[in-house]
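Chain and residue survey
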Amino acid sequence: MRTKLRVGVLGATGMVGQHYVRLLQNHPWFEVSYLAASRESAGKSYAEALAEKGCSSGVMLTLPVHRIDEIAAASSECDFVFSALGPEAALEYERQYAAAGLPVVSNASAHRNDPDVPVLIGEINPEHLAIIPEQQKKRGWKKGFIVVKPNCSLQSYLFPLYPLHRAFGIKKILVTTMQALSGAGYPGVSSLDILDNVIPYIGGEEEKSETEPLKILGQIENGRFVHASGISISAHCNRVPVADGHTACVSVEFASKPTGEEILRIWREFRGAPQELGLPSAPLQPIVYREEKDRPQPKLDRHTENGMAVTVGRLRDCPVLDIRFVALSHNALRGAASGGILNAELLFRKNYL
Ligand SMILES: NC(=O)c1ccc[n+]([C@@H]2O[C@H](COP(=O)([O-])OP(=O)(O)OC[C@H]3O[C@@H](n4cnc5c(N)ncnc54)[C@H](OP(=O)(O)O)[C@@H]3O)[C@@H](O)[C@H]2O)c1
């Protein structure tokens with residue numbers, strides 16, 4: 001009898017795909033059985049494909065890399081797939097995998113705006129999974145469906161904001177992100193462009209930062225997501241010469257302004273469904289507050305709780321809005337592969353897989 005679910009990784013040779021393959025090596029519920037990537041990588045063993053790209057994930061898998069359109073092979077070799085495909089490939093293929101009966105747990109942005117696709121953060125909106133049967137019915141899919149993760153920078157500030165919104169009602173958010181190089185995938189931004197520099201533009205990121213939180217904080221009505229209303233968000237997104245870890249400087253206005261003590265207590269006590277359900281990748285403390293004046297820092301804090309906690313610091317009054325703080329999360333772990341695995345664990349625990 002099989003004891004673990006067999007999983008495929010689409011885009012297995014990319015920055016996020018390599019994290020998936022490494023993190024799934026000793027997973028208690030899932031095992032990697034199928035890998036797919038572009039035509040350049042297909043037909044090689046995983047180790048050969050990575051060596052040719054000049055990468056090494058430290059995982060010497062001998063599994064072959066399939067062409068992404070070998071969906072029939074995926075259907076017979078796995079129970080569901082993680083998608084770490086680039087945006088265009090995700091748009092073309094994720095639906096095809098779902099239509100073939102495979103649940104797709106995605107990191108890509110391709111379907112985040114679909115009105116019947118949940119943008120899931122297990123600690124924040126697990127109830128959004130209830131839309132899955134509607135999605136399947138509407139699209140004529142029997143077993144397959146698509147669940148996605150939000151943009152990688154959102155986790156840093158949405159974690160601390162969500163429990164405060166529940167308690168005090170958020171009206172305005174000003175956020176400036178400083179996003180790591182690995183967020184652009186491999187090989188990403190050229191070294192001569194980013195060393196000694198900050199690039200004040202990341203295509204599409206500000207739009208995602210201003211709309212995805214509203215979907216995540218929204219609700220299901222008549223089989224589609226309706227965005228949360230009454231919150232305005234203004235985002236500046238910058239690429240900075242940091243390897244991993246997105247930092248966000250945030251100012252917030254509330255309907256009713258909380259005290260610093262109330263905020264710190266709420267962050268300290270925040271847990272969420274993944275921990276209540278005992279999911280293997282759930283952090284013990286999803287929001288970690290650092291009292292030091294100069295924290296969080298990517299180098300020191302990105303690996304907190306195996307890269308699954310959001311580290312927050314510098315909580316203080318804001319002379320323009322109500323309060324401000326700095327928050328940090330690991331873009332490739334909580335913001336991508338580990339967060340995707342946590343989503344799959346939640347789906348499994350809730351009997352969707
Ligand atoms: N990096 C992050 O921190 C992060 C965080 C959250 C979400 N994301 C999202 O996650 C996805 C992957 O990001 P990444 O940073 O890992 O990108 P990446 O390093 O560029 O990897 C892209 C992967 O997609 C494959 N691919 C590209 N075009 C393809 C095609 N036409 N057919 C089949 N496979 C194709 C690539 O295969 P080859 O290697 O063979 O070219 C590679 O495996 C993206 O949608 C990104 O927006 C990334």
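This structure is a prediction, so every number in the text was calculated from the model and none was measured.

**Observations concerning the overall build of the protein**
The number of helices and strands found in the protein is twelve helices and 14 strands. Counting only C-alpha atoms, the protein reaches 60 × 50 × 35 Å along its principal axes. A burial count over the protein gives 48% of its 353 residues as buried. Of all intrachain contacts in the protein linking residues separated by at least 6 positions in sequence, the fraction that spans at least 24 positions is 75%.

**Topic: the domain arrangement of the protein**
In terms of domain boundaries, the protein breaks down into domain 1 (5–151 + 337–349) and domain 2 (154–329). Between domain 1 and domain 2, the C-alpha centre-to-centre distance is 24 Å. Counting from both sides, the interface comprises 30 residues of domain 1 and, opposite them, 29 residues of domain 2. Of all elements in the fold, only helix H5 (132–139) and helix H12 (337–349) reach the threshold of two or more residues within the side of domain 1 that touches domain 2. When grouped by side-chain class, the residues that make up the side of domain 1 that touches domain 2 number 15 nonpolar, eight polar and seven charged.

**Considerations on the site of the ligand**
The environment of the ligand is formed by 31 residues, the closest being Gly 11, Gly 14, Ser 38, Ser 41 and Gly 185. Contributing elements (two or more residues each) for the shell around the ligand: helix H1 (15–23) and helix H4 (87–99). Both domains that furnish three or more residues to the shell around the ligand are identified here as domain 1 (5–151 + 337–349) and domain 2 (154–329).

**What about the sheet that holds strand S1 (residues 5–10)?**
Two orientations exist for strands paired in a sheet by backbone hydrogen bonds: parallel and antiparallel. Taking strand neighbours across the sheet as the criterion, the six strands line up as S3-S2-S1-S4-S5-S6 in an open arrangement whose pairing is parallel. Only two strands of the sheet have a single neighbouring strand rather than two, namely strand S3 (65–67) and strand S6 (146–148). This sheet shows a mean twist of 30° between the axes of neighbouring strands, independent of strand direction. Both S1 and strand S4 (residues 80–83) contribute to a ladder of four bridges, which runs parallel. Residue pairing in the sheet places Val 7 in a bridge with Phe 80 of S4.

**Some details on the environment of His 165**
In this fold, His 165 is placed in helix H6 (residues 154–168). What makes His 165 buried here is the crowd of 21 C-beta atoms within 10 Å. Sequence-wise, His 165 and Phe 254 are 89 residues apart; in three dimensions their C-alpha atoms are separated by 7.8 Å. Once you skip the residues sitting within four places of it in the chain, His 165 turns out to touch Ile 170 and Leu 217.

Definitions and cut-offs
Residues numbered from 1 in each chain as written. Predicted model: local features only at pLDDT ≥ 70, side-chain atom pairs only at ≥ 80, totals over all residues. Helix = DSSP H or I, 4+ residues; strand = E, 2+ residues; numbered from the N terminus. Buried ≥ 20, exposed ≤ 12 C-beta atoms within 10 Å, placed from the backbone. Contact = placed C-beta atoms within 7 Å. Domains from an automatic or database assignment. Nonpolar A, V, L, I, M, F, W, Y, C, P; charged D, E, K, R; others polar. Near = placed C-beta within 6 Å. Pairing = 2+ DSSP bridges. Axes fitted to C-alpha atoms, helices over the stretch in contact; angles between N-to-C directions.

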